[in-house]
Amino acid sequence: MNATTTAPLSIAMIGTRGVPAAYGGFETAIEEIGRRLVERGHSVTVYCRSKDGEKPTEHLGMSLVHLPALHVKVAETLSHTALSTLHALVHRAPDAAFVFNAANAPFVPILRAKGIPTAVHVDGLEWKRDKWGGAGKRYYRAAETTAVRTSDALIADAQGIADYYDDEFGVPTELISYGATIIDEPTTAKIAEIGLTAGGFHLVVARFEPENHVREIVEGYTASDANLPLVVVGSAPYSAEYTTAIETIAARDPRIRMLGGVWDQDLLDELYANALTYVHGHSVGGTNPSLLRAIGAGTAVLAWDVAFNREVTLENGRYFGSAEALSPLLESAEADVTGTLSTGDRLRERAASTYDWDLVTTGYEQLAARLAGGYSIRPIAKAARRSSSGRTGTPVASPVS
């Protein structure tokens, strides 16, 4: 455990489903970062979406606040963040707040009006997702601008996202990636219960959304001569038509196993660590936690060919941009199992050296201290405008009162 580098701070985490982590990357990040911040002497409050069952008030030392949300695609995140913001306003203000997802940026001015320094983790380029209609895409574009103009700091989890905000707005971001859990000696008991063996399957873990290219992956697999089964983990609460298309393709190929959503984290660890390859179709996010989980488990990666994925796997990844391009990669991985396993070992080494949760926590800790001390990009960002031709240079932010 790293020693704390700052005086004890009170920190709020707003805008996610909360912890214990059982859904996505933001939640995993908050769990890993939050518990380490607590270990370093800080007070961490996490706002969680209420769900059926127990509502613990503490998890790994973090204080939990459970609030409801409207279970409608366009309103779930915003409704919960609105209530979380109101709660923060009427209780003791934290020294700093981290708001996750640029969509929640409209609530930042309210937090700042209470005197709460606020950083926004901008996530990926949400307006590129097909699940959002024209109004949704326009909202996300506007929310990006709001995040830039009103936040005290912006957090990007990938260099490509940092470059985007520099090019579009000419503002600096804090480049803080995610961490990866390293699995050196995987167990197999849980995968054995569902009929799988170590090195005996290919794996996909993704929400069923067009930008994650699950349909192209199952199409590419179906067209291949792969012998090992393709195990597909995932679902989508708001994409019934897309999910049906995937299930229809999979139903025609007995080699494909659809597991649906898997919330058992021990089973997920075994799936990641015992797959021959992890097939990663995500294309519009930043550094994807599922990809980091795979490389931390030492599994070879076949990834959709975009800069975000290449940034993680570098020369140790193999890339595809269509269903047709995936088929030979699957066949090649099976033809050279020794080489495939060696690639996974190299990726695990990269994960251990580059994607370390202690270092990630230090990044958040130091940013929280700077925010509490008056740091803000607002003097340069409030006049920011989108630039279709791009910008160069990174302005320097300074403390403001």
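You'll find the structure just up there.
So, here is what we can say about the structure in this document. (Residues numbered from 1 in each chain as written. Predicted model: local features only at pLDDT ≥ 70, side-chain atom pairs only at ≥ 80, totals over all residues. Heavy atoms only, no water.)

## Notes on the sheet that holds strand 14 (residues 318-320)
In spatial order, the strands read 11-10-9-12-13-14; together these six strands make up an open sheet with parallel pairing. The two strands at the open ends of the sheet, each matched to only one other strand, are strand 11 (256-260) and strand 14. Each strand of the sheet is rotated relative to its neighbour by a mean of 20°, with strand direction disregarded. Sheet analysis places strand 10 (residues 230-233) next to strand 11, joined by four bridges and oriented parallel. Considered in strand 11, the bridge of Val232 is made with Met258. Packing of helix 7 (residues 214-223) onto the sheet brings it into contact with strand 9 (202-205), strand 10, strand 11, strand 12 (277-280), strand 13 (300-304) and strand 14, and relative to strand 10 it is tilted by some 165°. (Pairing = 2+ DSSP bridges. Helix = DSSP H or I, 4+ residues; strand = E, 2+ residues; numbered from the N terminus. Axes fitted to C-alpha atoms, helices over the stretch in contact; angles between N-to-C directions. Contact = heavy atoms within 4.5 Å.)

## Notes on the nonpolar core
Phe98, Tyr165, Leu203 and Leu271 are the most contacted members of the largest nonpolar core, which has 111 residues in total. The greatest single-element share of this core, amounting to six residues, is contributed by helix 14 (residues 357-372). In this structure, this core is formed jointly by two domains, domain 1 (10-179 + 358-389) and domain 2 (188-355), each of which donates at least three residues. Setting aside residues no more than four positions away along its own chain, Leu203 makes contact with Leu230, Val231, Val233, Leu271, Tyr272, Ala275, Thr277, Tyr278 and Val279. (Core = buried A, V, L, I, M, F, W, Y, C linked by side-chain atoms within 4.5 Å. Buried < 20%, exposed > 50% of the residue type's maximum accessible area, 1.4 Å probe, protein only. Domains from an automatic or database assignment.)

## Considering the sheet that holds strand 7 (residues 153-156)
Overall, mixed pairing links the eight strands, which are arranged 3-4-2-1-5-6-7-8 in an open sheet. Each edge of the sheet is formed by a strand with only one pairing partner; in this case those strands are strand 3 (58-59) and strand 8 (174-175). In this sheet, strand 6 (residues 118-121) lies alongside strand 5 (residues 96-100) in parallel orientation, the contact comprising four bridges. Each bridged residue has a counterpart across the sheet, and for Phe98 the counterpart in strand 6 is Ala119. Contacts from helix 14 reach strand 1 (10-14), strand 5, strand 6, strand 7 and strand 8, with the element oriented near 125° to strand 5.

## Let's talk about the environment of Asn227
With respect to the secondary-structure elements, Asn227 resides in the loop between helix 7 and strand 10. In this structure the C-alpha to C-alpha distance between Asn227 and Arg255, which are 28 residues apart in sequence, comes to 7.9 Å.

## Comments concerning the pairing of strand 9
Where burial is concerned, the two faces of strand 9 agree: the one with His202 and Val204 and the one with Leu203 and Val205 are both buried. Between the parallel elements strand 9 and strand 10, the chain passes through helix 7 in a crossover that is right-handed. (Right-handed = clockwise from strand over helix to strand, strands pointing away.)

## Let's talk about the packing of aromatic side chains
Between two aromatic rings, the relevant description is the distance of the centres plus the angle of the planes. Taken as a whole and judged by the stated rule, the model has seven aromatic pairs. Geometrically, the ring pair formed by Trp304 and Phe320 is edge-to-face, given 5.4 Å between the ring centres and 85° between the ring planes. Highlighted residues: Trp304 in strand 13 and Phe320 in strand 14, separated in sequence by 16 residues. When its relative accessible area of 12% is taken as the criterion, Trp304 is described as buried. (Phe/Tyr/Trp six-rings, centres within 6.5 Å; stacked < 30°, edge-to-face > 60°.)

Geometry only, nothing functional implied.
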